[in-house]
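# Observations on the three-dimensional arrangement
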Amino acid sequence: MNLFLLFLSALLVNNFVLVRFLGICPFMGVSKDVDSAFGMGVATTFVMVVAAAVTWLIEHFILAPLGLPFLQTMAFILVIAALVQLVEMFIHKTSPGLYKAMGIFLPLITTNCAILGLAIMAVQNAYTFIQSVIFALGAGLGFTLALVLMAGIREELRFADIPEPLLGAPIAFICAGLLSLAFSGFAGLI
Amino acid sequence: MARLWKNFVNGLWNENPTFRIMIGLCPVLAVTTEAINGIGMGLATTFVLVCSSALVSLLRKVIPEKVRIPAYIVVIATFVTIVDLFMNAYLPDLHQVLGLFIPLIVVNCIVLGRAEAFASKNSVVSSILDGLGMGLGFTWALTVLAAVRELLGSGSIFGWKLAADGATTIGVMSLPPGAFITLGILMALMNMIAARQKRRAS
Amino acid sequence: MVVVLSVIAMVSAAVLSLVYGKTSVIIEENAARALESSVLEVLPGTATVNMIRRSPDELGVDDPQEMREKGQETTIIYQGVDEQGQIVGYAFVGEGNGYGGVVRVLVGVDEATDQVLNVKILNHAETPGLGSRIEEEGFRSQFAGKTVDDPITVNQDIQIISGATISSRAVADAVREGLQDTVRIYRGGE
């Protein structure tokens, strides 16, 4: 498959958050202001790309040759958890500035289902190594895009006069619905 | 006895994971196009929740503090894989529909959250009841959301055709935007009910 | 600390391999049965289904080694036989790269005329409402009557679904590529 199409599909048409419903927890939790949304997005994209590469290697050099498909979920989630820890330590040591910006988001990423979902999807679709990485990059940037857009909307919502029962999460979900509706316009992109 | 009962009903309403605490929302949105899928996903999660809560509670004195999170993840991943394999073998149609979201039960914050916040500190019986309550609270939330979407989106409920042939259904309700909007409106409804309860109590 | 964790991991791996051993047989049977009932759909009049396996060497392709490297160890086609023992036709599973992943189709071919009888979409992950329309009768019926000599290419003899070029092309690719191999297998290089 054309790499650019794969990228575009993961970024817009099959946006992880708004179309595939992966990573809804951080999408709702960390979209209150644009800056932290952007930080979370970048941190997630980074972990996604690394996780896609590592889980691909594990699937094709350990699980598949040894005939252990039933350990896939277990192996992937443990690898992702360990990876997040490593990335956290690495950034902490090498770049304190970046750590200050991204640090608080990193522990949250382990339980972001977008990462595990991405790894499993790459195996199910039989992507090559390059395809997996491009797929992860598109998905991560798509996640960032959705998060930043949502944060922008929610910053404006603060000044809106909203009926009491809808305050907070309910109105945010309805906005996400409208955003998702807008994204469905990308479906005819190619 | 009364305390055990409280553990159980806690998840059904007061701390309902979907409507009140708002965790584990990915499957809530993704698989709720038909009511039957909502029930299937809910029960699969309930099974994992009850089993992992029980085991984590049993092992709470054995597992060292420092490695507790990886240990919980291994326990949860084991039960998730068991559910995945059994559903694939005995309920292949449902397995096909839920697809990716069965392995993703591993990262459902409800499961790890209950292991860490409740099961690691409480007796086995309370932990099982807590898991059961949370799981069933999750299940009914999923089922209600799915039933609403199925009714509006496909004009049927649990696969039973209700709308007349050729009647216009609101197709967007089965699509992703419908999931977000329905959940938002249902949450607002729950908030209204809770607010009314509170007013009556005071 | 490490000991406890290792014991837990080992017990869990043991339990899982036990469960996997028990269920994998049933899972395979289910898949085979599901495929069999699909074969009945694309080859009307079929009473029993036989499986025909061919290794790359027996296929008579130009480069059997290349096929093996691509992981295509054996090609399986299905032979539909009616109640009188007459061969109705053959069916094969084709794959094409769609928008959200691999599109798998089952294609029934008439024994007497080598024409495509029916195409059934086995699974896909295309965008609902757009790409998913490849499941519709109107699109699938275009393939009926096609033979190896037809181009079976979108925008030539296959009308695309508007807004779903990639999905449409995936189905056409799957049918075209599989059809040649299949006819070659049952005609035995005539």
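Look a little higher up for the structure.
Every value quoted in this text rests on a predicted model; they were computed, and no experiment measured them.

### Examining the overall build of chain A
When helices and strands are counted, chain A shows nine helices and zero strands. Secondary structure elements of chain A, listed N to C terminal, follow the sequence α-α-α-α-α-α-α-α-α. The C-alpha radius of gyration of chain A comes to 17 Å, within 12% of the 16 Å expected for a compact globule of 190 residues. Across its three principal axes, chain A shows a C-alpha extent of roughly 60 × 45 × 30 Å. Across chain A, contacts joining residues at least 24 apart in sequence account for 79% of those joining residues at least 6 apart.

### What about the packing of helix α4 (residues 35-58) of chain B against helix α5 (residues 68-90) of chain B?
Residue and element names in this part refer to chain B. In contact at an axis separation of 9 Å, α4 and α5 are set at 145° when each is read in the N-to-C sense. Handedness of the α4/α5 crossing: right-handed. Along its contact with α4, which presents Ala44, Phe47, Val48, Cys51, Ser52, Leu55 and Val56, the element α5 presents Tyr72, Val75, Ile76, Phe79, Val80, Val83 and Met87. Here the residues of the contact of α4 with α5 sort into 13 nonpolar, one polar and no charged.

### Describing the interface of chain A and chain B
Across the contact, 35 residues belong to chain A and 35 residues belong to chain B. Between chain A and chain B, roughly 2,800 Å² of surface is buried when both sides are summed, and carbon and sulfur atoms account for 87% of that area. Joining chain A to chain B, the criterion identifies zero salt bridges. Linking chain A with chain B are one residue pair in polar contact (both at pLDDT 80 or more). At the level of elements, α2 (24-29), α4 (72-94), α7 (113-124) and α9 (169-183) of chain A are the ones that each hand at least two residues to the side of chain A that touches chain B. At nine residues, α9(A) tops the list of elements feeding residues into the side of chain A that touches chain B. Across the side of chain A that touches chain B, the residue classes tally to 27 nonpolar, seven polar and one charged.

### Looking at helix α5 (residues 165-187) of chain C
With 23 residues, α5(C) extends 33 Å between its outermost C-alpha atoms, agreeing within 8% with the 33 Å of an ideal straight helix rising 1.5 Å per residue. At C:Leu179, α5(C) shows its strongest bend, of approximately 25°.

### Comments concerning the pattern of salt bridges
Residues and elements named next belong to chain C. In total, this model carries nine salt bridges over all chains according to the counting rule given. In this structure, Glu95 and Arg104 form a salt bridge, with 3.7 Å as the shortest nitrogen-oxygen distance. Given the relative accessible area of 27%, Arg104 is considered partly exposed. One salt bridge connects Arg176 with Asp173, and the closest N-O pair in it is separated by 2.9 Å. In this pair, Arg176 and Asp173 both sit in helix α5, three residues apart, roughly one turn of the helix. When its relative accessible area of 27% is taken as the criterion, Arg176 is described as partly exposed.

### Things to note about the interface of chain C and chain B
Taken residue by residue, the interface counts 16 residues in chain C and 21 residues in chain B. Inspection of the chain C/chain B interface yields zero salt bridges. Summed over the shared surface of chain C and chain B, the number is two residue pairs in polar contact (both at pLDDT 80 or more). Element by element, the count of residues in the side of chain C that touches chain B is highest for helix α1 (residues 2-42) of chain C, at 13 residues. Split into classes, the residues belonging to the side of chain C that touches chain B amount to twelve nonpolar, four polar and no charged.

### Remarks on the packing of aromatic side chains
On inspection of all chains with the given rule, the structure shows 13 aromatic pairs over all chains. Aromatic pair A:Phe21 and B:Phe180: ring centres 5.4 Å apart, planes at 50°, arrangement tilted. With A:Phe21 in the loop between α1 (3-13) and α2 and B:Phe180 in helix α9 (residues 176-201), this pair bridges two chains. In terms of burial, A:Phe21 and B:Phe180 fall into one category: buried. Here A:Trp56 and A:Phe129 contribute two aromatic rings whose centre-to-centre distance is 5.3 Å and whose plane-to-plane angle is 75°, an arrangement assigned as edge-to-face. Here A:Trp56 is found in helix α3 (residues 34-66), whereas its partner A:Phe129 is found in helix α8 (residues 129-157), with 73 residues between them in sequence.

### Some thoughts on the pairing of strand β4 (residues 102-110) of chain C
All names here are of chain C. Among the nine residues in β4, seven count as buried, and that is most of the element. Two elements, strand β3 (residues 87-97) and β4, share nine bridges in a ladder whose sense is antiparallel. Residue pairing in the sheet places Gly89 in a bridge with Asp110 of β4. In sequence, β4 turns back onto strand β5 (residues 116-123) through a hairpin of five residues, with Asp114 there showing a positive phi of about 60°.

What counts and how
Residues numbered from 1 in each chain as written. Chains lettered and ligands numbered in written order. Predicted model: local features only at pLDDT ≥ 70, side-chain atom pairs only at ≥ 80, totals over all residues. Heavy atoms only, no water. Helix = DSSP H or I, 4+ residues; strand = E, 2+ residues; numbered from the N terminus. Rg over C-alpha atoms; globule rule 2.2 N^0.38 Å. Contact = heavy atoms within 4.5 Å. Axes fitted to C-alpha atoms, helices over the stretch in contact; angles between N-to-C directions. Left-handed = near helix turned anticlockwise from the far one by under 90°. Nonpolar A, V, L, I, M, F, W, Y, C, P; charged D, E, K, R; others polar. Buried area = accessible area lost by both parts, 1.4 Å probe. Salt bridge = Lys/Arg side-chain N within 4 Å of Asp/Glu carboxyl O. Polar contact = N/O pair within 3.5 Å; in protein donor to acceptor, adjacent residues only side chain to side chain. Expected span 1.5 Å × (residues − 1). Bend = angle between axes of the 7 residues up to and from the residue. Buried < 20%, exposed > 50% of the residue type's maximum accessible area, 1.4 Å probe, protein only. Phe/Tyr/Trp six-rings, centres within 6.5 Å; stacked < 30°, edge-to-face > 60°. Pairing = 2+ DSSP bridges.

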